[in-house]
Amino acid sequence: AEGFHFDAPICGTQEMPGQLVYWDGQKRPRLNAVLAALLNRLTPSPDLWLLSMVQGNYYNQLGMLTSGVPFDFVLPTAPDLPFDAGAVNVPFMAIREALLAQMGWMPFYLDRLRATEFSPRILVAGVSPPPRDGAVFKPMLEEKGLMSELSSSYVRLKLWRLQNELLQEMCSAREADYVSGDIPEAQDEEGFLSPEYVKDAVHSNGEWAKIFLRRVIAHIEARPEAGDV
């Protein structure tokens, strides 16, 4: 696309099982062995960029479902999003700390990526927003008897927005490039993923991916070294 070639050398948990990082005998963090092997096969060059598209489902792991009483919270960066007065009001900082704990491996992973010789040309991808329509969760949750525990659409949206903010903070602290999945042209007026880009409960489709990869290209071309691409 537009002078760029995209390849997915590792795709899915079957190809890269386990955690992103592990601790060696000296209690030092190391990259997942499959990823380390891939990097060992590659040679850094001005026209090679690495796009990390892993571990984007933290917000769903934390709050896709409720347990008994629904919960809600106010997101300071989007205070106008609806709040359920009948739900348990969880303080924002508690939600933030809980999501950070869920994302506990990510800072170590980013640190290890930054320590590689590919560091200047590594991009970290954000994920697409959640769908508004709870019906898309039925195939996944009904057979497990969990559909009744699905969190409200706005709770899921707030958690996704917060995850975006936290990933941006983590990347900025390490001078790593973060390409957000917050793409207004593929979202409705409140920020949910537009129906035509929904694949299933936790994934967007190939059409969304095309839009996102165009954003990746624009991000690369905006870099000072873009003339080397």
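None of these values were measured; they are calculated from a predicted model.

Undergrad: If you had to explain the environment of His203 to someone new, which residues and values would you point to?
TA: Examined against the element boundaries, His203 turns out to sit in strand β9 (residues 203-204). In the structure, His203 is positioned 42 residues away from Arg161 in sequence and 16 Å away in space, judged by C-alpha atoms.

Undergrad: Explain the sheet that holds strand β6 (residues 122-125) to me, and be specific about the residues and the numbers.
TA: With parallel pairing, three strands are arranged side by side in an open sheet as β3-β6-β7. Every other strand in the sheet has two partners, leaving β3 (50-52) and β7 (177-179) as the edge strands with one partner each. For this sheet the average axis-to-axis angle between neighbouring strands, irrespective of direction, equals 30 degrees. Relative to β6, β3 runs parallel, the two being bridged by three bridges.

Undergrad: Describe the packing of helix α4 (residues 106-114) against helix α6 (residues 153-173), and please don't skip the residues or the numbers.
TA: A packed helix pair is summarised by two numbers, namely the angle formed by the two axes and the spacing between the axes. Closest axis-to-axis distance for the α4/α6 pair is 10 Å, and the angle between their directions is 35 degrees. Both α4 and α6 take part in a crossing whose hand is right-handed. On α6, the residues touching Met106, Pro107 and Leu110 of α4 are Leu167, Met170 and Cys171. Taken together, the residues of the contact of α4 with α6 break down into six nonpolar, no polar and no charged.

Undergrad: Please provide a residue-by-residue account of unusual backbone geometry, values included.
TA: Despite not being glycine, Lys27 shows a phi value in the positive range, around 60 degrees. Topologically, Lys27 is positioned in the loop between β1 (21-23) and β2 (29-31). Here Lys27 falls in the exposed class, since its relative accessible area comes to 70%. Of note in this structure, Gln55 is not a glycine but carries a positive phi near 55 degrees. Considering the arrangement of structural elements, one finds Gln55 in the loop between β3 and α2 (58-63). For Gln55, a relative accessible area of 35% puts it in the partly exposed group.

Undergrad: Now, about the nonpolar core: what can you tell me, with residues and values included?
TA: The biggest cluster of nonpolar side chains holds 39 residues, and the ones touching the most others in it are Leu35, Met106 and Tyr109. Put simply, the parts of the chain that give this core at least two residues each are α1 (33-41), α2, α3 (92-102), α4, β6 and α6. In terms of residue count, the dominant contributor to this core is α6 (ten residues). Sequence-distant contacts of Leu35, defined by excluding residues within four places in its chain, comprise Ile10, Met16, Tyr109 and Leu113.

Undergrad: Describe in detail empty space enclosed by the protein, supporting the description with residues and values.
TA: A probe as big as a water molecule, rolled over the atoms, marks out the empty space that is left. For the structure on display, the rule yields one cavity of 30 Å³ or more. Each pocket or cavity is described by its volume, and for the largest cavity that value is around 40 Å³. What lines the largest cavity is Ser52, Val54, Met106, Tyr109, Leu110, Val124, Ala125 and Leu167. Where the lining of the largest cavity is concerned, the elements lending two or more residues are α4 and β6. For the lining of the largest cavity, the element with the most residues is α4, which contributes three residues.

Undergrad: Describe α3, naming the residues involved and giving the relevant values.
TA: Here α3 has its buried residues at Phe92, Ile95, Arg96 and Leu99. The arc that holds the buried residues of α3, viewed along the axis, is 100 degrees, so those residues lie on one side.

So, how was this worked out
- Positions within a chain are numbered from 1, following the residues in the order the chain's sequence is written.
- Only residues with pLDDT of 70 or above have their local features reported here, since the model is predicted, and side-chain atom pairs are shown and tallied only from 80 upward, although totals for entire chains, interfaces and linings are computed over all residues.
- Neither water nor hydrogens contribute to the side-chain values; these are computed over all heavy atoms in the structure.
- Each helix is a run of DSSP H or I of at least 4 residues and each strand a run of E of at least 2, with the numbering of both proceeding from the N terminus.
- Here a strand pair is declared whenever DSSP counts at least two bridges between the two strands.
- Working convention: axes come from line fits to C-alpha atoms, limited for helices to the stretch in contact. Angles between N-to-C directions cover 0 to 180 degrees.
- Each helix crossing is assigned a hand: it is left-handed if the near helix lies turned anticlockwise from the far helix by less than a right angle, otherwise right-handed if that turn is clockwise.
- We call two residues contacting when some pair of their heavy atoms lies within 4.5 Å.
- Under this grouping Gly is polar, as are all residues other than the nonpolar Ala, Val, Leu, Ile, Met, Phe, Trp, Tyr, Cys and Pro and the charged Asp, Glu, Lys and Arg.
- The buried label goes to any residue with under 20% of its type's maximum accessible area, the exposed label to any with over 50%, and the partly exposed label to all in between, with areas taken from a 1.4 Å probe on protein chains only.
- What we call a nonpolar core is a set of buried Ala, Val, Leu, Ile, Met, Phe, Trp, Tyr and Cys residues that are connected through their side-chain atoms within 4.5 Å.
- We place a 1 Å grid over just the protein atoms. Points where a 1.4 Å probe fits but has no way out form a cavity, open points with protein on both sides within 12 Å along at least 5 of 7 lines form a pocket, and any residue with an atom within 4 Å of a point lines it.
- Grid points are joined across faces, edges and corners, and a volume is the space filled by probe spheres set on the points.
- Taking the helix axis as origin, the arc is that swept by the directions to the C-beta atoms.

Just geometry here; none of it tells us what the structure is for.
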